Amino acid sequence: MSLQKEINRRKTFGIISHPDAGKTTLTEKLLLFGGAIQEAGAVKSNKIKKGATSDFMEIERQRGISVATSVLAFEYKDIKINILDTPGHKDFAEDTFRTLTAVDSVIVVIDVAKGVEEQTVKLVEVCRMRNIPMIVFINKLDREGKDAFELLDEIEQKLHLRVTPLSFPIGMGYDFKGIYNIWEKNVNLFSGDSRKNIEETVRIEDISEEKLDELVGNDAAETLREELELVYEVYPEFKREEYLEGSLQPVFFGSALNNFGVRELLDCFIEIAPEPRPKESDTRLVQPDEENFSGFVFKIHANMDPKHRDRLAFVKIVSGTFERNTPYLHVRNGKKMKFSSPNAFFAEKKQIVDVSYPGDIVGLHDTGNFKIGDTLTEGEQMQYKGIPSFSPEHFKYINNADPMKSKQLEKGIDQLMDEGVAQLFVLELNGRKVIGTVGALQFEVIQYRLEHEYGAKCSYENLNVHKACWVDPKDPQSEEFAEFKRVKSKFLAKDKRGQLVFFADSAFTLQMTQSKYPNVTLHFVSEFEPTTIHNSVQ
Ligand code: G4P
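Below: a short report on this structure. These numbers come from a predicted model, not from an experiment.

About the criteria used
- Residues numbered from 1 in each chain as written.
- Predicted model: local features only at pLDDT ≥ 70, side-chain atom pairs only at ≥ 80, totals over all residues.
- Heavy atoms only, no water.
- Near = heavy atom within 4 Å.
- Polar contact = N/O pair within 3.5 Å; in protein donor to acceptor, adjacent residues only side chain to side chain.
- Areas by Shrake-Rupley, 256 points an atom, 1.4 Å probe, with all protein chains shown as cover.
- Helix = DSSP H or I, 4+ residues; strand = E, 2+ residues; numbered from the N terminus.
- Buried < 20%, exposed > 50% of the residue type's maximum accessible area, 1.4 Å probe, protein only.
- Pairing = 2+ DSSP bridges.
- Contact = heavy atoms within 4.5 Å.
- Core = buried A, V, L, I, M, F, W, Y, C linked by side-chain atoms within 4.5 Å.
- Domains from an automatic or database assignment.
- Axes fitted to C-alpha atoms, helices over the stretch in contact; angles between N-to-C directions.

1. Let's talk about the site of the ligand
Around the ligand sit 17 residues in total, of which D20, K23, T24, T25 and S255 are the nearest. In the model, a nitrogen atom of the ligand is placed 3.1 Å from a nitrogen or oxygen of the R143 side chain. Compared with its free state, where it exposes 710 Å², the ligand has 68% of that area covered by protein. Top element by residues in the shell around the ligand is helix α2 (residues 23–33). It accounts for three residues.

Shown next as structure tokens:
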């Protein structure tokens, strides 16, 4: 098959949701359709259960599962589908943000009763900023929940999306009768008694047909007609170009647990979702159908076995074909590298592959050469963009608690930071090390992993930092910047890439600093180009 054909038959996406909305259940049902797994319950949830904060066996178990479920690939109707797993737990939000740099589209799952929740807001905002095409799946229709129109309004307002339903529920909860599929123009009935299976799918070209009354009863049929009239009146017509450019989001309703509305979602998804998209590098826009291979690392997973130091670097292929045992350039360190056993993922299994195509993910064994964001090419000097660091939420000084093991500590911290577990800052004034994390859980994870994987011990000391901001002076030679550095010297640090960072102890300090030094911009993300109102301090 030609490269172009391979590209055209690939869809790489992520499912995002607030924990418990039904991401794992939906993933599993999609895999069942693809015949990739045989029974429900096969996909293990990757979430950290409540109360697991200090249960490290649980965290280790979750890490194990997370390798297995990092990429779930399957084939459906001759389309190769790659689902990239995104942790729902907010302490691992940064992991999810990074994974979103490797997807070509997303499905957003929303619980019909809970509506739009906190994590959904954050994740959708990231997708919106990057114009990632999104499909919304409203789940758990077998339960009582919010009215469909109310939910659509809520999605528009809280997620700032422009939605259009492609299916519509007939009743809800106890009265849930089925779904009218606007996309395919048919009615899908939910079985009356067991409520477990799809009873039948009946084609209804025109909803004024009497057949509808016979199927769902007069009242429900009338209500549906009125609601659909409103839908056609209020919501824009679905246009694929608008969905692809991120300006229109189709909505589906269903119940993942009951496998209801999932096939409709999948059938529409394979038709409308984008194939691998071009990606911006620091020198140019790279097209997937270019002959030369290129790709980037978006995730690194350390080996669970402390005796084996190797890690798995997950590479998204952007262009060309990736071949086993072929030398590729690791652009950042200028070295050529060959990979004898690249892993591809099929459902929950890993297997060695000879060739992979754009959209695919390969897992490369790594002995410490890779960092998140690294680019591989056939020799071209370019670096993919778009894996920024976000300001952490929690900060602590990290101290060496066992002076005999300082080397191990250095190495451990270094490798954990490469994996993206947390961010390390070094204070300009005294060289002290500060760890910044998205969630409080990571401090314990780091301490535990340093001890168990590197034989090093650390202790923490509290540090009052509200936000870490990347410093971006208009003119590095200016008087203003020199004064900023002098006055704020106690609060300045360098990140791992050597970029200057300002630690603000409160939102007030941040505002004052920004107004006092208007030509020194402070950013909440480490990459400045995509700066928007959301990212820069006003
Ligand atoms: P997550 O990955 O987004 O965190 O959610 P997950 O799929 O684990 O689902 C969270 C809970 O919601 C699970 O119940 C799951 O069975 C349930 N669920 C998912 N889809 C539906 C649906 O369409 N209808 C109903 N009624 N429930 C649904 P749990 O009790 O937390 O776990 P389990 O014991 O059932 O596995």
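Let's pick the thread back up.
2. Description of the pairing of strand β4 (residues 105–111)
In terms of burial, β4 is largely enclosed, as seven of its seven residues are buried. Alternating positions in β4 separate into two faces, S105, I107, V109 and D111 on one and V106, V108 and I110 on the other, with burial throughout. Pairing of strand β1 (residues 10–17) with β4 involves five bridges; the strand directions are parallel. Each residue of the ladder has a partner; that of G14, found in β4, is V106. Here β4 runs beside strand β5 (residues 134–139); their pairing, made up of six bridges, is parallel.

3. Description of the environment of A493
Here A493 is to be found in strand β29 (residues 492–494). Owing to a relative accessible area of 0%, A493 belongs among the buried residues under this scheme. Separated by 61 residues in the primary sequence, A493 and R432 have C-alpha atoms spaced 9.2 Å apart. Dropping the residues within four chain positions of it, A493 is found in contact with F425, V426, L427, E428, Q499, L500, V501 and F503.

4. So, the nonpolar core
Generally speaking, a soluble globular protein has its nonpolar side chains buried in company with each other. Counting 83 residues, the largest nonpolar core has V106, I138, I155, F168, F253 and F370 as its most contacted members. Three or more residues apiece are contributed to this core by two domains, here domain 1 (3–173 + 237–272) and domain 2 (279–377). The next biggest cluster of nonpolar side chains, apart from the first, holds 30 residues, and it includes L72, V109, A256 and I272.

5. What to know about the environment of S389
Looking at the secondary structure, you find S389 in the loop between β23 (375–377) and β24 (394–400). As for S389 and E94, which are separated by 295 residues in sequence, their C-alpha atoms are 8.0 Å apart. Excluding residues within four positions of it along the chain, S389 makes contact with E94, Q423, W470, F524, V525 and S526.

6. Re the sheet that holds strand β30 (residues 500–504)
Read from one edge of the open sheet, eight strands run β27-β24-β26-β25-β29-β30-β28-β31, paired in antiparallel fashion. The open sheet terminates on both sides in strands that have one partner only, identified here as β27 (458–462) and β31 (520–523). The average angle at which neighbouring strand axes cross in this sheet is 40 degrees, direction not considered. Helix-sheet contacts for helix α12 (residues 441–454) involve β24, β26 (433–437) and β27, and the interaxial angle to β27 is about 155 degrees.

7. Topic: the pairing of strand β7 (residues 167–170)
A two-sided burial pattern is seen for β7, the buried positions comprising S167 and P169 on one face and F168 and I170 on the other. Note: β7 against strand β8 (residues 178–181), four bridges, orientation antiparallel. Along β8, the bridge assignment pairs I170 with G178.

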